[in-house]
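# Residue-level structural notes
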Amino acid sequence: MKIFNPDYAVDLLQALIWQYDNAPRLQKLIQQKQDWYNRNNTEFWTDWLNNVFNINTANDFGLTVWGKLLRVERTYTVNGETYSLDTEQYRLLLKGRLLYLSMNGSVPEINSYLHLLFSARGRAYVIDNQDMTIRYVLEFRPTESEQVVLLNTKVLPRPAGVGYQINVIPPKTVFGFRGQNLSTFNHGTFWNRKDISGN
């Protein structure tokens with residue numbers, strides 16, 4: 001998503017009024033200043049855009065700035081154990097928080113949100129259980145740190161007063177009798193669902 005198309009061009013020679021068209025020393029001074037801007041101004045703003053402003057490419061400093069703005073911590077203590085998120089996990093949490101602030105909580109919008117957040121990892125979607133609870137389904141295995149984030153932050157959106165649970169379907173899950181030489185019931189390989197607790 002392109003937020004804006006920046007233009008860093010600065011033309012200082014446009015500041016010259018017609019009386020100084022034949023003032024070579026003044027023009028040389030302004031041209032030197034123009035050359036400095038061409039070298040440094042564009043480089044500074046390009047680096048700032050990539051390293052701070054763009055959350056998809058921001059470095060650790062830029063992510064720290066985003067964290068301050070969004071009030072998102074990088075370290076969490078759960079049951080006496082401290083978890084520190086690496087750069088990409090922290091970026092994921094920040095992107096989630098940023099998207100979360102502009103959502104209305106409907107199932108279609110939550111599904112769009114999950115797609116934007118987790119499409120690189122695997123399929124993720126939400127199911128309305130029709131009983132004031134929803135179920136998030138992740139078709140990839142989250143790391144231990146990601147589980148801490150999912151359970152202890154507001155990265156997963158849900159309407160107020162709605163309970164939730166998170167189901168994880170491990171990759172390459174076998175369901176039924178395929179590959180089991182047509183074994184009978186209680187002998188086939190079935191998906192052993194793993195749940196992450198929710199509220």
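Going by the structure above, here's the rest.
For the structure given in this document, a descriptive report is provided here. Per chain, the residues get numbers from 1 upward, laid out in the order the sequence is written. Totals for whole chains, interfaces and linings use every residue, but because this is a predicted model, local features are given only for residues with pLDDT of at least 70 and side-chain atom pairs only at 80 or more, for both listing and counting. Note that the side-chain values use all heavy atoms of the structure and ignore hydrogens as well as water.

Another point: the packing of helix α1 (residues 24–53) against helix α2 (residues 60–70). With their axes 7 Å apart at the nearest point, α1 and α2 run at an angle of 60° to one another. In this view, α1 runs oblique relative to α2, as classed from their interaxial angle. Facing Asn51, Val52 and Phe53 of α1, the residues of α2 in contact are Phe61, Gly62, Val65 and Trp66. Polar here means any residue outside two lists: the nonpolar Ala, Val, Leu, Ile, Met, Phe, Trp, Tyr, Cys and Pro, and the charged Asp, Glu, Lys and Arg; Gly therefore counts as polar. In terms of residue class, the contact of α1 with α2 is made up of 5 nonpolar, 2 polar and no charged. Only C-alpha atoms enter the line fits that serve as axes; for helices the fit covers just the stretch in contact. Angles between N-to-C directions range over 0 to 180 degrees. Runs of E in the DSSP output that reach at least two residues are strands. Runs of H or I that reach at least four are helices, and both are numbered from the N terminus. In what follows, roughly perpendicular refers to angles from 65 to 115 degrees, roughly parallel to angles under 35, roughly antiparallel to angles over 145, and oblique to any angle outside these ranges. Contacts were defined at the residue level, with two residues in contact if any of their heavy atoms lie within 4.5 Å.

Once that is clear, we can look at the nonpolar core. To define a nonpolar core, start from buried Ala, Val, Leu, Ile, Met, Phe, Trp, Tyr and Cys residues and group those joined through side-chain atoms within 4.5 Å. The cut-offs for exposure are 20% and 50% of the maximum accessible area for each residue type, with area from a 1.4 Å probe on protein chains only; residues under the lower value are buried, those over the upper are exposed, and the others partly exposed. Counting residues in each nonpolar core, the largest one holds 34 residues, and the members touching the most others are Leu94, Leu114, Phe118, Tyr136, Val155 and Leu156. Residue assignment for this core shows that the elements contributing at least two residues are α2, β1 (75–78), α3 (87–100), α4 (107–118), β3 (124–128), β4 (133–138), α5 (144–152) and β5 (163–168). Ranked by the residues each element gives to this core, the list is headed by α4, at 5 residues. Residues in contact with Phe118, not counting those within four places in the same chain, are Leu92, Ala124, Phe140, Leu150 and Leu156.

For the rest of this paragraph, the subject is the pattern of salt bridges. Definition used for salt bridges: Asp or Glu carboxyl oxygen within 4 Å of a side-chain nitrogen of Lys or Arg. Under the criterion given, the structure shown has 3 salt bridges. Between Asp60 and Arg74 there is a salt bridge; the shortest N-O distance is 3.3 Å. Residue Asp60 is found in helix α2, and its partner Arg74 is found in the loop between α2 and β1; the two are separated by 14 residues along the sequence. Residue Arg123 pairs with Glu139 through a salt bridge whose shortest N-O separation is 3.1 Å. In this pair, Arg123 sits in the loop between α4 and β3 while Glu139 sits in the loop between β4 and α5, placing the two residues 16 residues apart along the sequence. Note on Arg123: relative accessible area 53%, which makes it exposed. Looking at Glu139, the relative accessible area reads 26%, which means it is partly exposed.

Classification of ring pairs uses Phe, Tyr and Trp, with its six-membered ring standing for Trp, and accepts pairs whose centres are within 6.5 Å; under 30 degrees between planes counts as stacked, over 60 as edge-to-face, and the remaining range as tilted. Enumeration over the complete set of coordinates arrives at 5 aromatic pairs. Seen in terms of ring centroids, Phe44 and Trp45 are 4.9 Å apart; in terms of plane orientation they differ by 80°. Their pairing is edge-to-face. Overall, the relative accessible area of 35% leaves Trp45 in the partly exposed class. Taken together, the ring pairs connect Phe44, Trp45, Trp48 and Phe53 into an aromatic cluster. Lys33 extends its terminal NZ or CZ atom over the ring of Trp36, reaching a point 5.6 Å from the ring centre. Working rule: Lys NZ or Arg CZ, within 6 Å of ring centre, within 35 degrees of ring normal, means a charge sits over the ring.

Cavities and pockets were defined on a 1 Å grid built from protein atoms only: a cavity is a group of points that admits a 1.4 Å probe but offers it no way out, a pocket is an open group of points flanked by protein on both sides within 12 Å along at least five of seven lines, and a lining residue is one with an atom within 4 Å of any such point. Grid points are joined across faces, edges and corners, and a volume is the space filled by probe spheres set on the points. Scanning the model with the defined rule gives 1 cavity of 30 Å³ or more in all. Size it by volume and the largest cavity reaches roughly 80 Å³. Elements with a minimum of two residues in the lining of the largest cavity: α3 and α5. Its residues assigned to classes, the lining of the largest cavity shows 8 nonpolar, 1 polar and 1 charged.

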